[in-house]
Amino acid sequence: LQRAQEVTYTHKLPSMASNKSSALKIGDLIDVTIEKVAHGGHFIARHDGAVIFVRHAIPGEQCTIEVTSTGSSFNRADVVSVAQPSEYRVEPPCKYAHRLGCGGCDFQHITPAHQRALKSNVITEQFSRIAKKEISVQVEEVGDPIGWRTRAIATTNRNGKLGFYKSRSHSIAPVDDCIICVKGMNFSEIAARPLKGDVRVEISASSSGERTIALAPTRGEEKARITEGQTILHEVVHGKTLEVSQDSFWQSHVKAPEVLTNAVLDFARLKKGEHVLDLYGGVGLFTAAMIDVVGPEGHVDLIEGSKVATEDARRNFAAAKNVTIATGDVAKLLPRVSAADVVVLDPPREGAGKEVIAQLVALNPRAIVYVACDPAALARDTAYLEDHSYSLVNLRAFDLFPMTHHIECVALYERAEVS
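Predicted, not measured: the structure shown is a model, and the values here were computed from it. Numbers given to residues run from 1 along each chain, matching the order in which its sequence is written. With pLDDT at 70 or above as the cut-off, local features in this predicted model cover only qualifying residues; side-chain atom pairs require 80 or more to be listed or tallied, and sums for whole chains, interfaces and linings still use all residues. Note: side-chain values were computed over all heavy atoms of the structure, leaving out hydrogens and water.

A. Region of interest: the packing of helix H3 (residues 256-268) against helix H4 (residues 285-294). The angle between two axes is taken between their N-to-C directions and runs from 0 to 180 degrees, where each axis is a line fitted to C-alpha atoms and a helix contributes only its stretch in contact. Under the DSSP-based scheme used, a helix requires at least four consecutive residues in state H or I and a strand at least two consecutive residues in state E, with every element numbered from the N terminus. Axis separation between H3 and H4 bottoms out at 10 Å; the angle between their running directions is 45°. Between H3 and H4, the angle is such that the two are oblique. The two elements H3 and H4 meet at a crossing, and its hand is right-handed. Taken together, the residues of H4 that come into contact with H3 (itself represented by Pro-257, Leu-260, Thr-261, Val-264 and Leu-265) are Leu-285, Phe-286, Ala-289, Met-290 and Val-293. As a working rule, the residues Ala, Val, Leu, Ile, Met, Phe, Trp, Tyr, Cys and Pro are called nonpolar, Asp, Glu, Lys and Arg charged, and the rest polar, with Gly in that last group. Grouping the amino acids of the contact of H3 with H4 by side-chain chemistry returns nine nonpolar, one polar and no charged. Any angle that is under 35 degrees is reported as roughly parallel, and any over 145 degrees as roughly antiparallel; angles of 65 to 115 degrees are reported as roughly perpendicular and all others as oblique. Left-handed describes a crossing whose near helix is turned anticlockwise from the far helix by less than a right angle; the clockwise case is right-handed. By the convention used here, residues are in contact when the closest approach between their heavy atoms is within 4.5 Å.

Written out as structure tokens, the structure is:
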């Protein structure tokens, strides 16, 4: 995973004992017992009252860690050695998954089943702390933990060696392959090519067997230029083919489009003739499934901020008279909508936020289906929804980013009954 996939939603850290960061220095080696998993792929340890976020650990382990940064509220460290390993510790299947290597897969040292258990704990903790709501959800397995990724952004170092950023670093860890990428990406073949230095390499592989490679300088705002493959990929979901430009967002897990579409339809329980809002709708993944259910007498309004994505959507639904597509900021376009039976939203990592939540509940939908890639943002927006009398009715979580700390959730909200 690359820097574009890093968590960008910021929130207050859990209440902890006052930090004694001044007692710790970068490079210190200390022995600790790992307490629990934290949001963002780290694990919490303490030393003389100082809170430390540790990479590549597992709760319950006794480890020697090296301090990598210090701060006023918490410190960071990497595991150097493990004196008492967890029963869930395994040898990472990728030779680059270590503290000095690739910064993408932060959970490869943990059995896949326990990775999901830890992610469940993170969701529970985020909802308890942010939404003040006690929930329990099992993160569902979705296919193999390797060979799932269809989109990747790699970077060459100054010598032209392809790789990924190290953790919290601008340095590149060169790799000759990436085992979480789908075979159709043929990452090892690209890594073996003579490439220019300091270049961002965007690789996409579609479900129909296409591959696109686009290059851009790592510095500046220059748009990536396609050097191999077509500008538009063709993704097949539930028998329908969608056009997806190289610049448009598409779910990276090979099974994610169908898994998430099924979950959305299951929660929405759409009826013939209903009016649906598809917010942050991208190229129309969910719209493609919903138009058949609501039928020609129903209607879907898709709103998306990316002009490239909505251009794709307009081609995808050119023959659908019951689909309206709008390009722009959801918060600015929502006031133009007067009513909706169901709202489906799939916002970016920072979530929808207070303004959008207030606008969509004003439409009085019978159901709100929220697709989220960050449990902290989802917990925050859940609190906003409950402030507007919409209760969390159901929640599913999917392991669509195995070997990493990332999680995908689908939540259903309905207006609470007032006694």
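There's plenty left to go through after this.
B. Here's a closer look at the sheet that holds strand S5 (residues 62-69). The strand order S1-S5-S6-S4-S3-S2 describes an open sheet built from six strands, whose pairing is mixed. This sheet does not close on itself; its edge strands, each paired only once, are strand S1 (29-33) and strand S2 (36-38). Here the strands of the sheet are splayed against their neighbours by 45° on average, with no regard to which way each runs. Here a strand pair is declared whenever DSSP counts at least two bridges between the two strands.

C. Just the packing of aromatic side chains, in detail. Any pair of Phe, Tyr and Trp rings, taking the six-membered ring for Trp, is counted once the centres come within 6.5 Å. Such a pair is stacked with planes under 30 degrees apart, edge-to-face with planes over 60 apart, and tilted for the rest. One pass over the structure, following the stated rule, counts four aromatic pairs. The interplanar angle of 40° and the centroid separation of 5.9 Å between the aromatic rings of Phe-43 and Phe-107 together place this pair among those described as tilted. Residue Phe-43 is found in strand S3 (residues 42-47), and its partner Phe-107 is found in the loop between strand S6 (75-84) and helix H1 (112-130); the two are separated by 64 residues along the sequence. Think of it in three bands: with a 1.4 Å probe and only protein chains considered, a residue is buried below 20% of the maximum accessible area for its type, exposed above 50%, and partly exposed in between. Assessed through its relative accessible area of 2%, Phe-107 is described here as buried. Taking the centre distance of 5.6 Å and the plane angle of 20° together, the rings of Phe-164 and Phe-187 count as stacked. Note that Phe-164 is positioned in strand S9 (residues 162-165) and Phe-187 in helix H2 (residues 187-191), a separation of 23 residues in sequence. Taken individually, Phe-164 and Phe-187 each receive the classification buried, so the pair is uniform in this respect.

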